[in-house]
Amino acid sequence: MLLESVLVSTGVVALAEIGDKTQLLAFLLAARFKKPAPIILGILLATIANHGLAGALGAWITAHVRPEVLRWVLGLSFVGMAVWTLIPDEMAEDGAHVAQRLGVFGATLLTFFLAEMGDKTQIATVAMAAHYGTPLLVVAGTTLGMLIADVPAVFVGDKLAAKIPMKLVRALAAAVFAALGVATLLGAGAKIGF
């Protein structure tokens, strides 16, 4: 169960992040500044902070929401995430302009943290932390998933974006979210107390 929470959260977020606005931000910052180290460090720290808050919220929800209500909320949330994942993200270039005042690291840290607020990967982190009841492991997994999707974007910039079949990737991520939702609604979490 512990390994499952890390693996599923890593895979779900890595898939959901492809074509997401924060990955587009990584492409944009990399293409503009060509300084991978501060961009990657900014992504890592922003994700840990943002998903750490999401994991804490997931733990709070688990502790304060009755199991039968939680099962329905989580199941429907995962199904909603499946639908949301099918909608392509767009990204304004505002994030790169911040770098002129904060430097590449500061701009990456700030823009990634803010871009993740309310984003599907943050909401997925809340849901998975509540579902698995292991918020630290889920945050480790979702952070790893973000890095799996965004670090290559930093190194290849816009070149890779045109070659990724975004519709297929979004469909795979949506299928994973839908499967998690259906499994949760059918009571797959019952063995762990939902």
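Residues numbered from 1 in each chain as written. Predicted model: local features only at pLDDT ≥ 70, side-chain atom pairs only at ≥ 80, totals over all residues. Heavy atoms only, no water.

1. Quick word on the overall build of the protein chain
When its secondary structure is counted, the protein chain shows nine helices and zero strands. Tracing the protein chain from N to C terminus, the helices and strands come up as α-α-α-α-α-α-α-α-α. Considering the protein chain as a whole, with its 194 residues, one finds that 46% of them fall into the buried category. Across the protein chain, every contact between residues at least 6 apart in sequence was considered, and the portion connecting residues at least 24 apart equals 91%. Only carbon and sulfur atoms are counted for the fraction: they give 73% of the accessible area of the protein chain, which is about 9000 Å². (Helix = DSSP H or I, 4+ residues; strand = E, 2+ residues; numbered from the N terminus. Buried < 20%, exposed > 50% of the residue type's maximum accessible area, 1.4 Å probe, protein only. Contact = heavy atoms within 4.5 Å. Areas by Shrake-Rupley, 256 points an atom, 1.4 Å probe, with all protein chains shown as cover.)

2. Notes on the environment of L136
Along the chain, L136 turns up in helix α7 (residues 135-156). L136 gets classed as exposed once you look at its relative accessible area, which sits at 76%. It is 6.9 Å that separates the C-alpha atoms of L136 and G55, two residues lying 81 residues apart in sequence.

3. Examining helix α6 (residues 120-132)
Taking 1.5 Å of rise per residue, 13 residues should cover 18 Å, and α6 covers 18 Å from first to last C-alpha, within 8% of that figure. Counting buried residues in α6 gives 12 out of 13 residues, a clear majority hidden from the surface. Of all the residues in α6, the buried ones are K120, T121, Q122, A124, T125, V126, A127, M128, A129, A130, H131 and Y132. Downstream of α6 by one or two residues, G133 has phi in the positive range, about 70 degrees. (Expected span 1.5 Å × (residues − 1).)

4. Observations regarding a nonpolar patch on the surface
A surface patch of nonpolar side chains, about 310 Å² in accessible area, is lined by L41, L45, I48 and F105. Broken down by element, the residue count for the nonpolar patch peaks at three residues, all from helix α3 (residues 36-64). Within the secondary structure layout, I48 lies in helix α3. (Patch = residues over 30% accessible without salt bridge, like charges linked within 9 Å, V, L, I, M, F, W, Y side chains within 5 Å. Salt bridge = Lys/Arg side-chain N within 4 Å of Asp/Glu carboxyl O.)

5. What to know about α7
Here α7 is 22 residues long and its end C-alpha atoms lie 32 Å apart, about the 32 Å a rise of 1.5 Å per residue gives. The largest bend in α7 comes to about 25 degrees, at I148, with the proline P152 one to four residues further on. When α7 is considered as a whole, its buried residues turn out to be V138, V139, G141, T142, T143, G145, M146, A149, D150, A153 and V154. (Bend = angle between axes of the 7 residues up to and from the residue.)

6. Examining the nonpolar core
Counting residues in hydrophobic clusters, the biggest one holds 21 residues, and the most contacted among them are F78, M128 and F177. Every element with two or more residues in this core is listed here: α1 (2-17), α3, α4 (67-85), α6, α7 and α9 (166-185). Counting residues per element, this core draws most heavily on α6, at seven residues. When neighbours within four sequence positions are excluded, M128 is seen to be in contact with V8, S9, V12, V13, F78, G133, V138 and T142. With 12 residues, the next largest nonpolar core counts A26, V104, F112 and A153 among its residues. (Core = buried A, V, L, I, M, F, W, Y, C linked by side-chain atoms within 4.5 Å.)

7. Section: the environment of G118
Inspection of the secondary structure puts G118 in the loop between α5 (94-116) and α6. When its relative accessible area of 40% is taken as the criterion, G118 is described as partly exposed.

8. Some remarks on the packing of α1 against α6
With their axes 10 Å apart at the nearest point, α1 and α6 run at an angle of 165 degrees to one another. Taken as axis vectors, α1 and α6 run roughly antiparallel relative to one another. Relative to α6, the crossing made by α1 is right-handed. The residues of α6 that touch α1, namely those facing E4, S5, V8, S9, V12, V13, A16 and E17, are K120, T121, M128 and Y132. (Axes fitted to C-alpha atoms, helices over the stretch in contact; angles between N-to-C directions. Parallel < 35°, antiparallel > 145°, perpendicular 65-115°, else oblique. Left-handed = near helix turned anticlockwise from the far one by under 90°.)

9. Some thoughts on the packing of α6 against α7
Relative to each other, α6 and α7 sit at 150 degrees, their axes nearing to 9 Å. Judged by the angle between their axes, α6 and α7 are roughly antiparallel. Between α6 and α7 lies a crossing whose hand is right-handed. Of the residues in α7, those in contact with T121, T125, M128, A129 and Y132 of α6 are P135, V138, V139, T142 and M146. Taken together, the residues that form the contact of α6 with α7 break down as seven nonpolar, three polar and no charged. (Nonpolar A, V, L, I, M, F, W, Y, C, P; charged D, E, K, R; others polar.)

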